[in-house]
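Spelled out, the chains give:
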Amino acid sequence: MPVNTTPSPTAELLRVGSRDSKLALIQTELVVAAIRQAHPTLRVEIETMKTIGDKIQDVALSKFGDKGLFTKELEVALEAGFIDLVVHSLKDMPTTLPDNMTLAAITEREDPRDALIMAPRHSYRTLEEMPSGSVIGTGSVRRVAQLRRLYPTLTFMDIRGNLNTRLAKLDAEDSPFDALILAVAGMTRLGLESRITQRIDSVLHAVGQGALGIEIRSDDQRTGLIAASLNHRATRLACLAERELMRVLEGGCSVPIGAVAQWDDSAKRLSMQAIVVSPDGEQAVEASSEIIVDLEQDEDAQARALGNTVAATMRERGAERILQAIERTPAAPVPVPVPVSG
(Lines give C-alpha, C1' and ligand atoms only; values in the text may rest on other atoms or scores of the structure.)
Protein backbone atom coordinates (compact mmCIF):
# COMPACT_ATOMS: atom_id res chain seq x y z
CA MET A 1 0.00 0.00 0.00
CA PRO A 2 1.53 3.40 -0.95
CA VAL A 3 2.16 6.00 1.70
CA ASN A 4 -0.69 8.48 2.03
CA THR A 5 0.75 11.82 0.90
CA THR A 6 -1.46 14.01 3.08
CA PRO A 7 0.29 14.97 6.33
CA SER A 8 -1.56 13.91 9.48
CA PRO A 9 -3.66 16.98 10.37
CA THR A 10 -5.60 16.08 13.51
CA ALA A 11 -4.91 14.95 17.03
CA GLU A 12 -7.48 12.15 16.65
CA LEU A 13 -5.58 10.32 13.89
CA LEU A 14 -2.31 8.42 14.30
CA ARG A 15 -0.59 7.07 11.19
CA VAL A 16 1.73 4.15 11.87
CA GLY A 17 4.41 3.18 9.34
CA SER A 18 5.46 -0.42 8.74
CA ARG A 19 7.34 -2.56 6.26
CA ASP A 20 4.89 -4.55 4.17
CA SER A 21 6.16 -8.03 5.01
CA LYS A 22 3.84 -10.44 6.81
CA LEU A 23 5.99 -10.48 9.95
CA ALA A 24 6.38 -6.70 10.03
CA LEU A 25 2.61 -6.25 9.76
CA ILE A 26 1.95 -8.75 12.55
CA GLN A 27 4.40 -6.85 14.75
CA THR A 28 2.83 -3.53 13.83
CA GLU A 29 -0.66 -4.86 14.60
CA LEU A 30 0.58 -5.87 18.07
CA VAL A 31 1.70 -2.29 18.67
CA VAL A 32 -1.49 -0.81 17.22
CA ALA A 33 -3.62 -3.05 19.46
CA ALA A 34 -1.71 -1.82 22.51
CA ILE A 35 -2.14 1.81 21.42
CA ARG A 36 -5.89 1.34 20.89
CA GLN A 37 -6.23 -0.27 24.29
CA ALA A 38 -4.46 2.64 25.99
CA HIS A 39 -6.13 5.30 23.81
CA PRO A 40 -9.55 3.96 22.79
CA THR A 41 -10.74 7.20 21.17
CA LEU A 42 -7.71 7.46 18.89
CA ARG A 43 -8.12 6.52 15.23
CA VAL A 44 -5.08 4.54 14.08
CA GLU A 45 -4.17 3.76 10.47
CA ILE A 46 -1.29 1.62 9.16
CA GLU A 47 0.71 2.73 6.14
CA THR A 48 3.07 0.16 4.58
CA MET A 49 6.03 0.32 2.23
CA LYS A 50 8.98 -1.70 1.03
CA THR A 51 12.48 -0.81 2.21
CA ILE A 52 15.74 -1.28 0.34
CA GLY A 53 16.40 -4.41 2.38
CA ASP A 54 13.07 -5.85 1.21
CA LYS A 55 13.80 -5.06 -2.44
CA ILE A 56 17.32 -6.51 -2.58
CA GLN A 57 16.90 -10.28 -2.40
CA ASP A 58 19.87 -11.57 -4.44
CA VAL A 59 22.78 -10.18 -2.40
CA ALA A 60 23.86 -11.09 1.13
CA LEU A 61 22.99 -8.27 3.54
CA SER A 62 26.51 -8.44 4.99
CA LYS A 63 27.75 -7.02 1.66
CA PHE A 64 26.03 -3.71 2.35
CA GLY A 65 27.18 -2.90 5.88
CA ASP A 66 24.84 -1.14 8.32
CA LYS A 67 23.06 1.56 6.31
CA GLY A 68 19.50 1.44 7.55
CA LEU A 69 18.49 -1.09 4.92
CA PHE A 70 15.18 -1.82 6.67
CA THR A 71 14.47 1.65 8.05
CA LYS A 72 15.44 4.46 5.66
CA GLU A 73 12.26 4.73 3.54
CA LEU A 74 10.13 4.71 6.68
CA GLU A 75 12.24 7.50 8.17
CA VAL A 76 11.84 9.57 4.99
CA ALA A 77 8.05 9.29 5.30
CA LEU A 78 8.23 10.05 9.03
CA GLU A 79 10.35 13.15 8.50
CA ALA A 80 7.94 14.39 5.81
CA GLY A 81 5.01 14.08 8.25
CA PHE A 82 3.10 11.50 6.21
CA ILE A 83 3.28 9.07 9.13
CA ASP A 84 3.58 9.80 12.85
CA LEU A 85 5.25 6.70 14.20
CA VAL A 86 7.25 3.77 12.84
CA VAL A 87 7.36 0.22 14.21
CA HIS A 88 10.74 -1.42 13.64
CA SER A 89 12.30 -4.72 14.58
CA LEU A 90 14.75 -3.16 17.03
CA LYS A 91 17.64 -5.27 15.77
CA ASP A 92 17.26 -3.60 12.34
CA MET A 93 17.49 -0.06 13.73
CA PRO A 94 20.84 1.75 13.45
CA THR A 95 22.19 2.70 16.86
CA THR A 96 22.54 6.33 15.77
CA LEU A 97 19.27 7.85 14.54
CA PRO A 98 18.85 11.05 12.51
CA ASP A 99 19.04 14.17 14.68
CA ASN A 100 15.32 14.86 14.30
CA MET A 101 14.25 11.31 15.23
CA THR A 102 14.09 9.51 18.58
CA LEU A 103 13.51 6.02 19.91
CA ALA A 104 10.34 6.78 21.88
CA ALA A 105 9.59 3.29 23.20
CA ILE A 106 10.81 -0.31 23.29
CA THR A 107 8.15 -2.98 23.65
CA GLU A 108 8.26 -6.13 25.76
CA ARG A 109 10.70 -8.60 24.31
CA GLU A 110 9.72 -11.92 22.80
CA ASP A 111 12.18 -14.81 23.35
CA PRO A 112 15.37 -13.29 21.87
CA ARG A 113 17.22 -16.54 21.20
CA ASP A 114 18.08 -18.03 17.83
CA ALA A 115 16.33 -21.18 16.68
CA LEU A 116 17.45 -24.24 14.76
CA ILE A 117 14.90 -25.27 12.11
CA MET A 118 15.64 -28.75 10.80
CA ALA A 119 14.68 -29.93 7.32
CA PRO A 120 11.73 -32.39 7.53
CA ARG A 121 13.84 -35.14 5.96
CA HIS A 122 16.18 -35.23 8.98
CA SER A 123 15.59 -36.64 12.46
CA TYR A 124 18.37 -34.65 14.16
CA ARG A 125 17.17 -32.50 17.06
CA THR A 126 20.24 -30.40 17.96
CA LEU A 127 23.26 -28.81 16.33
CA GLU A 128 25.45 -31.28 18.22
CA GLU A 129 23.77 -34.21 16.45
CA MET A 130 24.32 -32.89 12.93
CA PRO A 131 27.03 -34.72 10.96
CA SER A 132 30.13 -33.08 9.55
CA GLY A 133 29.44 -31.12 6.36
CA SER A 134 25.78 -30.43 7.14
CA VAL A 135 24.68 -27.20 5.46
CA ILE A 136 23.12 -24.50 7.65
CA GLY A 137 21.30 -21.60 6.00
CA THR A 138 21.48 -18.13 7.55
CA GLY A 139 21.89 -14.56 6.36
CA SER A 140 23.55 -13.43 9.62
CA VAL A 141 27.30 -12.90 9.91
CA ARG A 142 26.93 -12.96 13.70
CA ARG A 143 25.31 -16.39 13.69
CA VAL A 144 27.84 -17.84 11.26
CA ALA A 145 30.80 -16.48 13.24
CA GLN A 146 29.64 -17.86 16.59
CA LEU A 147 28.49 -21.18 15.14
CA ARG A 148 31.75 -21.71 13.23
CA ARG A 149 33.59 -21.21 16.50
CA LEU A 150 31.37 -23.72 18.31
CA TYR A 151 30.70 -26.19 15.47
CA PRO A 152 33.66 -26.02 13.06
CA THR A 153 32.59 -29.13 11.11
CA LEU A 154 29.33 -27.55 9.89
CA THR A 155 29.00 -25.66 6.60
CA PHE A 156 27.17 -22.34 6.28
CA MET A 157 25.37 -20.91 3.26
CA ASP A 158 23.70 -17.53 2.84
CA ILE A 159 19.92 -17.45 2.45
CA ARG A 160 17.60 -14.47 1.82
CA GLY A 161 13.86 -13.92 1.75
CA ASN A 162 11.12 -13.68 4.37
CA LEU A 163 10.61 -16.50 6.85
CA ASN A 164 8.06 -18.38 4.75
CA THR A 165 10.31 -18.12 1.68
CA ARG A 166 13.27 -19.46 3.64
CA LEU A 167 11.23 -22.33 5.05
CA ALA A 168 10.05 -23.21 1.53
CA LYS A 169 13.68 -23.31 0.38
CA LEU A 170 14.53 -25.60 3.30
CA ASP A 171 11.59 -27.93 2.65
CA ALA A 172 12.14 -28.27 -1.12
CA GLU A 173 13.07 -31.77 -2.31
CA ASP A 174 16.25 -30.46 -3.94
CA SER A 175 17.13 -28.13 -1.05
CA PRO A 176 20.86 -27.59 -0.44
CA PHE A 177 20.07 -26.84 3.21
CA ASP A 178 19.92 -29.33 6.07
CA ALA A 179 18.71 -26.70 8.54
CA LEU A 180 18.18 -22.98 9.03
CA ILE A 181 18.95 -20.61 11.88
CA LEU A 182 16.14 -18.09 12.44
CA ALA A 183 14.94 -15.91 15.31
CA VAL A 184 12.62 -17.56 17.82
CA ALA A 185 10.68 -14.28 18.05
CA GLY A 186 9.82 -14.18 14.37
CA MET A 187 8.80 -17.83 14.28
CA THR A 188 6.60 -17.31 17.35
CA ARG A 189 4.88 -14.19 16.03
CA LEU A 190 4.12 -15.97 12.76
CA GLY A 191 2.61 -18.94 14.62
CA LEU A 192 5.41 -21.27 13.45
CA GLU A 193 6.76 -22.39 16.83
CA SER A 194 6.09 -26.02 15.91
CA ARG A 195 8.90 -25.80 13.33
CA ILE A 196 11.50 -24.93 15.97
CA THR A 197 13.78 -27.90 16.55
CA GLN A 198 16.11 -26.30 19.11
CA ARG A 199 16.27 -23.00 20.96
CA ILE A 200 19.98 -22.20 20.95
CA ASP A 201 21.47 -21.06 24.26
CA SER A 202 25.13 -21.24 23.19
CA VAL A 203 24.91 -18.31 20.74
CA LEU A 204 24.55 -14.73 22.00
CA HIS A 205 21.69 -13.09 20.12
CA ALA A 206 21.73 -9.88 18.09
CA VAL A 207 21.45 -6.50 19.78
CA GLY A 208 17.76 -5.75 20.33
CA GLN A 209 16.60 -9.12 18.99
CA GLY A 210 13.00 -9.95 19.94
CA ALA A 211 12.02 -6.36 20.77
CA LEU A 212 10.19 -3.74 18.74
CA GLY A 213 11.41 -0.15 18.54
CA ILE A 214 9.03 2.80 18.18
CA GLU A 215 10.56 5.72 16.27
CA ILE A 216 8.98 9.18 16.14
CA ARG A 217 10.00 12.74 15.28
CA SER A 218 11.90 14.30 18.19
CA ASP A 219 9.65 17.35 18.32
CA ASP A 220 6.35 15.41 18.24
CA GLN A 221 5.27 15.62 21.88
CA ARG A 222 1.77 14.33 21.20
CA THR A 223 2.99 11.07 19.62
CA GLY A 224 5.68 10.79 22.29
CA LEU A 225 3.01 10.70 24.99
CA ILE A 226 1.10 8.04 23.06
CA ALA A 227 4.24 5.92 22.56
CA ALA A 228 5.28 6.18 26.21
CA SER A 229 2.59 3.67 27.19
CA LEU A 230 4.33 1.03 25.04
CA ASN A 231 7.58 1.03 27.01
CA HIS A 232 8.55 -2.14 28.91
CA ARG A 233 11.15 -1.31 31.56
CA ALA A 234 13.06 -4.61 31.63
CA THR A 235 13.28 -4.73 27.84
CA ARG A 236 14.10 -1.04 27.47
CA LEU A 237 16.98 -1.13 29.94
CA ALA A 238 18.42 -4.34 28.47
CA CYS A 239 18.16 -3.11 24.90
CA LEU A 240 19.57 0.35 25.64
CA ALA A 241 22.63 -1.33 27.16
CA GLU A 242 23.00 -3.61 24.14
CA ARG A 243 22.57 -0.75 21.65
CA GLU A 244 25.14 1.40 23.45
CA LEU A 245 27.63 -1.47 23.29
CA MET A 246 27.09 -1.70 19.53
CA ARG A 247 27.25 2.07 19.06
CA VAL A 248 30.57 2.36 20.89
CA LEU A 249 32.04 -0.58 18.99
CA GLU A 250 30.64 0.95 15.78
CA GLY A 251 29.01 -2.29 14.78
CA GLY A 252 25.82 -2.81 12.82
CA CYS A 253 23.37 -5.58 12.05
CA SER A 254 25.88 -7.03 9.57
CA VAL A 255 28.73 -7.21 12.11
CA PRO A 256 29.30 -10.28 14.34
CA ILE A 257 28.46 -8.73 17.73
CA GLY A 258 26.35 -10.80 20.10
CA ALA A 259 24.99 -9.28 23.30
CA VAL A 260 22.64 -10.45 26.03
CA ALA A 261 21.51 -7.98 28.70
CA GLN A 262 19.09 -9.02 31.43
CA TRP A 263 17.15 -7.15 34.11
CA ASP A 264 16.63 -8.66 37.56
CA ASP A 265 13.73 -6.67 38.98
CA SER A 266 13.99 -8.01 42.52
CA ALA A 267 17.64 -6.97 42.84
CA LYS A 268 17.34 -3.99 40.47
CA ARG A 269 20.36 -5.47 38.73
CA LEU A 270 21.17 -5.04 35.04
CA SER A 271 23.78 -7.47 33.68
CA MET A 272 25.26 -7.97 30.25
CA GLN A 273 27.58 -10.33 28.44
CA ALA A 274 28.84 -9.76 24.91
CA ILE A 275 31.04 -11.32 22.27
CA VAL A 276 32.70 -10.31 19.01
CA VAL A 277 33.82 -13.15 16.76
CA SER A 278 35.74 -13.00 13.49
CA PRO A 279 33.70 -14.28 10.51
CA ASP A 280 35.87 -17.40 10.28
CA GLY A 281 35.24 -18.18 13.95
CA GLU A 282 38.96 -18.21 14.75
CA GLN A 283 39.15 -15.11 16.96
CA ALA A 284 36.80 -14.03 19.73
CA VAL A 285 36.66 -11.36 22.42
CA GLU A 286 34.20 -11.60 25.31
CA ALA A 287 33.28 -9.39 28.24
CA SER A 288 30.58 -9.04 30.88
CA SER A 289 29.55 -6.68 33.65
CA GLU A 290 26.60 -5.72 35.83
CA ILE A 291 25.26 -2.73 37.75
CA ILE A 292 22.66 -2.02 40.42
CA VAL A 293 20.30 0.57 38.93
CA ASP A 294 19.43 3.55 41.12
CA LEU A 295 15.74 4.12 40.41
CA GLU A 296 16.01 7.69 41.73
CA GLN A 297 18.39 8.55 38.89
CA ASP A 298 18.18 8.40 35.08
CA GLU A 299 17.64 4.69 34.38
CA ASP A 300 18.30 4.99 30.64
CA ALA A 301 21.64 6.70 31.24
CA GLN A 302 22.70 3.97 33.67
CA ALA A 303 21.79 1.28 31.14
CA ARG A 304 23.82 3.01 28.45
CA ALA A 305 26.73 3.36 30.87
CA LEU A 306 26.75 -0.42 31.35
CA GLY A 307 26.91 -0.91 27.59
CA ASN A 308 29.74 1.60 27.40
CA THR A 309 31.65 -0.21 30.15
CA VAL A 310 31.39 -3.60 28.45
CA ALA A 311 32.38 -2.07 25.10
CA ALA A 312 35.44 -0.43 26.67
CA THR A 313 36.52 -3.76 28.15
CA MET A 314 36.10 -5.46 24.77
CA ARG A 315 38.16 -2.75 23.11
CA GLU A 316 40.94 -3.32 25.63
CA ARG A 317 40.82 -7.02 24.82
CA GLY A 318 41.12 -6.51 21.07
CA ALA A 319 37.57 -6.37 19.69
CA GLU A 320 38.41 -3.45 17.43
CA ARG A 321 41.02 -5.49 15.55
CA ILE A 322 38.32 -7.98 14.58
CA LEU A 323 35.81 -5.29 13.60
CA GLN A 324 38.35 -3.21 11.67
CA ALA A 325 39.35 -6.26 9.62
CA ILE A 326 35.69 -6.69 8.66
CA GLU A 327 35.29 -2.98 7.85
CA ARG A 328 38.20 -3.16 5.39
CA THR A 329 36.04 -5.40 3.18
CA PRO A 330 34.43 -3.07 0.58
CA ALA A 331 30.67 -2.72 0.97
CA ALA A 332 28.27 -2.95 -1.94
CA PRO A 333 26.61 0.32 -2.99
CA VAL A 334 23.16 0.84 -1.53
CA PRO A 335 20.43 2.54 -3.61
CA VAL A 336 19.33 5.90 -2.23
CA PRO A 337 15.61 6.02 -1.32
CA VAL A 338 13.50 8.57 -3.16
CA PRO A 339 11.96 11.11 -0.75
CA VAL A 340 8.18 11.00 -0.39
CA SER A 341 6.61 13.87 -2.31
CA GLY A 342 3.31 15.61 -1.78
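Residues numbered from 1 in each chain as written. Predicted model: local features only at pLDDT ≥ 70, side-chain atom pairs only at ≥ 80, totals over all residues. Heavy atoms only, no water.

### What to know about unusual backbone geometry
Even without being a glycine, lysine 268 presents a positive backbone phi close to 55 degrees. Tracing the sequence through the fold places lysine 268 in the loop between strand 11 (257–264) and strand 12 (269–277). (Helix = DSSP H or I, 4+ residues; strand = E, 2+ residues; numbered from the N terminus.)

### Focus on helix 1 (residues 22–38)
Residues spaced three or four apart along an α-helix point in a common direction, a consequence of the helix completing one turn every 3.6 residues. Here helix 1 spans 25 Å end to end across 17 residues, near enough to the 24 Å set by a 1.5 Å rise per residue. Those residues of helix 1 not exposed but buried are Ala24, Gln27, Thr28, Val31, Val32 and Ile35. Down the axis of helix 1, the buried side of the element spans an arc of 140 degrees, and every buried residue falls inside it. Opposite the buried face of helix 1, by more than 90 degrees, sit the exposed residues Lys22 and Gln37. Summarising the contacts, the buried residues of helix 1 are in contact with strand 1 (13–19), strand 2 (43–49), strand 3 (85–89), helix 6 (184–189), strand 10 (212–217) and helix 7 (221–228). (Expected span 1.5 Å × (residues − 1). Buried < 20%, exposed > 50% of the residue type's maximum accessible area, 1.4 Å probe, protein only. Arc of directions from axis to C-beta. Contact = heavy atoms within 4.5 Å.)

### Notes on the sheet that holds strand 4 (residues 101–106)
A sheet is described by the order of its strands in space; here 5 strands give the open sequence 2-1-3-10-4, paired in mixed fashion. Each having just a single partner strand, strand 2 and strand 4 make up the two edges of the open sheet. Strand-to-strand twist of the sheet, defined as the mean angle between neighbouring strand axes without regard to direction, takes the value 30 degrees. Packed on one face of the sheet, helix 3 (residues 72–80) meets strand 1, strand 2, strand 3, strand 4 and strand 10 and runs near 35 degrees to strand 10. (Pairing = 2+ DSSP bridges. Axes fitted to C-alpha atoms, helices over the stretch in contact; angles between N-to-C directions.)

### Let's talk about the sheet that holds strand 13 (residues 284–292)
Two strands in a sheet stick together by hydrogen bonds in their backbones, pointing the same way (parallel) or opposite ways (antiparallel). The antiparallel open sheet is built from 3 strands, whose spatial order is 11-12-13. The sheet is open, and its two edges are formed by strand 11 and strand 13, each paired on a single side. Here the average twist between neighbouring strands, direction ignored, is 10 degrees. Taken together, the 8 bridges between strand 11 and strand 12 define a ladder with antiparallel strand orientation. Note on strand 12: the bridge partner recorded for glycine 258 is isoleucine 275. The sheet strands contacting helix 4 (residues 141–150) are strand 11, strand 12 and strand 13, and the helix crosses strand 12 at an angle near 80 degrees. Sitting on the sheet, helix 8 (residues 233–249) touches strand 11 and strand 12, and the angle it makes with strand 11 is about 150 degrees.

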